[in-house]
Number of protein chains: 2
Amino acid sequence: MIGLGLIGGSALRALAAHGHRVLGYDADPATRATARTAAARAPQNARWQVTGTIRDTVAAADLVLVAVPLPALPRVFDEIAATGYTGLVTDVTSVKTPVRMLVEQRLQARHQRLSGFVGGHPMAGKESSGFGAADADLFQDCAWVLCFEPGQTSLGDWLDLAELVIGLGARVVPTTAEEHDRAVAAISHVPHLLATALAASAADPLAGALAAGSFRDGTRVAATRPELIAAMCGGNAPAVAPTLDGIIAALQEARAALDAPDPITALLPWLAPGHAMRAGWPPPLAAPLDIPARPDALLRLGRAGGWVRAVAADRSTVSVVRPAPRGPGGLLDDL
Amino acid sequence: MIGLGLIGGSALRALAAHGHRVLGYDADPATRATARTAAARAPQNARWQVTGTIRDTVAAADLVLVAVPLPALPRVFDEIAATGYTGLVTDVTSVKTPVRMLVEQRLQARHQRLSGFVGGHPMAGKESSGFGAADADLFQDCAWVLCFEPGQTSLGDWLDLAELVIGLGARVVPTTAEEHDRAVAAISHVPHLLATALAASAADPLAGALAAGSFRDGTRVAATRPELIAAMCGGNAPAVAPTLDGIIAALQEARAALDAPDPITALLPWLAPGHAMRAGWPPPLAAPLDIPARPDALLRLGRAGGWVRAVAADRSTVSVVRPAPRGPGGLLDDL
């Protein structure tokens, strides 16, 4: 485990609690000391060790999980490559295409022997950060994206990682880096921009005094540190830009409806799709079923809003959950 | 009390619980029956009566509180005018300029004897609606706007109503109809449009499966009935339109930043004002103080984000709370 912040520290604790032997490293000496002290206090059968270098962490590993912010990844990948490590690598960064490009440049180009990389993104978080906030139960019922790039990712590596994170309580969502980045632009990055624009437009003190539920919820994430929002949105600009274009175009339609002779009637059809989506979210689920553990079936599952809940012992099938079909022509007819 | 939905029913219960004698009417016979049954079960000293007509409700009233949706107001005002009622009237509608115009057309033009109208808007609500959800404590600590129109509103009427709703636990925010409508456009109406646009942009099932906190909160109000959102936004179109224009312009700036060579750095200054507003909301409050019970002082208080917490016995001053000054040149220097 390289990086012992909230996500790395939680994964470290969760893996140790599930009987895995885990070595952890963090670039910050104070974080390493905290993690060492916590290890000594952990139950006898769920301890981990903290090393002083990336080399020591990686030397005997079957899997390297990198849990550092995007700007720190190039240096960490360089250091992993320098150790001669040839095993599986995964990460937890919230944007996947830039990481995939870094892996190609920094890990795979230099080190032909590297067995594989699978990009990951656990959709977990909480208000507090750092190893002190780490929690072995953080991934219970959270969606954990594992990227599958056709022609590049090894199915065996993907299934290994899927089993591991399912063991931590996560739902494994198969998708590509590009599809992931587009989806998180819509459900996480653009929402931060809208919340910020909304908060700025209510700077008037009277508005602040009248603000209640819809303002509080609609602007909550605007209180996130601007550096984090800028890194998320700017780091995913190729996906955030078209999504934001779509939102601006939709708001311009709403704006035109307000100029109609009867704005109330003119707004109604504009409101329908967003209402239908939100009133139907999260969607009802179909009963679990088994599908072939094949790349095409896994990626179709992800596109349909489903996830993997178990990998069969013989690895020929996976047990999956997905939204209930919505009648003829529904997205799930072909699973 | 005309209209026994969530707000009217809650005000009825709250006023009765505070020892006022209240007569209630609702156009729906089933709602009247429910309110009658509830009255019989209420504590002996906090009962109300339900009448079969607006005329019976209004006949001996000192104050008529109208709690019906905007489209029902013209007919209700006509019926009140037809009874010959000459006392004080207030309402609870979420948009104030259209109500003010209706009052002029329907109540005051026909009935020169009408002593006064004060527009009101309690910023209270909950998920459920109807008399069954009515709650005498709904207005505890809620902002209750009471409009003061210079040259029109009687200060005595305004102070009467302020005392009444302060007695129900509310914070009374003095403002004009126009300023109110602009503020609620920013903190309530436009947020509904943004939530709806955001939900519509995440219709993709993969996005739905990955959606978590920022999406859930940012789209919550998109599940509101479209008819209600259309009525709110369309009914306040003159204030919603320029606010939405401002949001669209701000989002276009963010969009341009995403095209910059370094989008992360380019986004940072754009994020600052929204972050500052939300991270500082709600603002810290100054100690209560007394200000003159004069229209100009009251309206300045509302503009500064403050509210009235008590009316002095001699009515020459009011005790107010407002945000703490933020240093030299702050908005509150002149209170």
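Residues numbered from 1 in each chain as written. Chains lettered and ligands numbered in written order. Predicted model: local features only at pLDDT ≥ 70, side-chain atom pairs only at ≥ 80, totals over all residues. Heavy atoms only, no water.

Broken down by element type, chain A carries 13 helices and 11 strands. The C-alpha atoms of chain A give 22 Å as radius of gyration, which agrees with the globular expectation for 335 residues (20 Å, within 12%). In terms of overall dimensions, chain A has C-alpha extents of about 70 × 50 × 40 Å along its principal axes. In chain A, which comprises 335 residues, the share counted as buried stands at 56%. In chain A, the proportion of contacts linking residues at least 24 apart, taken out of those at least 6 apart, comes to 69%. Of the charged side chains in chain A, 28 are positive and 31 negative; the average position of the first set lies 6 Å away from that of the second. (Helix = DSSP H or I, 4+ residues; strand = E, 2+ residues; numbered from the N terminus. Rg over C-alpha atoms; globule rule 2.2 N^0.38 Å. Buried < 20%, exposed > 50% of the residue type's maximum accessible area, 1.4 Å probe, protein only. Contact = heavy atoms within 4.5 Å. Lys, Arg positive; Asp, Glu negative; His and termini not counted. Charge placed at Lys NZ, Arg CZ, Asp CG, Glu CD.)

Moving on, we come to the interface of chain A and chain B. Listed by partner, the interface residues are 87 residues for chain A and 87 residues for chain B. A buried area of about 7300 Å², summed over both sides, lies between chain A and chain B, and 77% of it is on carbon and sulfur atoms. Counting the contacts that link chain A with chain B gives 4 salt bridges. The interface formed by chain A and chain B includes 20 residue pairs in polar contact (both at pLDDT 80 or more). Here the side of chain A that touches chain B gets 18 residues from one element, more than from any other, and that element is helix α7 (residues 177-201) of chain A. A breakdown of the residues in the side of chain A that touches chain B according to their chemical character gives 55 nonpolar, 20 polar and 12 charged. (Buried area = accessible area lost by both parts, 1.4 Å probe. Salt bridge = Lys/Arg side-chain N within 4 Å of Asp/Glu carboxyl O. Polar contact = N/O pair within 3.5 Å; in protein donor to acceptor, adjacent residues only side chain to side chain. Nonpolar A, V, L, I, M, F, W, Y, C, P; charged D, E, K, R; others polar.)

Strand pairing in a sheet takes place through backbone hydrogen bonds and is either antiparallel or parallel in direction. Residues and elements named next belong to chain B. Pairing within the open sheet is parallel, and its 3 strands lie in the order β3-β4-β5. At either margin of the open sheet sits one strand with a lone partner, and together these are β3 (63-66) and β5 (116-118). Sheet twist, expressed as the mean angle between neighbouring strand axes with direction ignored, is 20°. Across 3 bridges, strand β4 (residues 88-91) lies against β5 in parallel orientation. (Pairing = 2+ DSSP bridges. Axes fitted to C-alpha atoms, helices over the stretch in contact; angles between N-to-C directions.)

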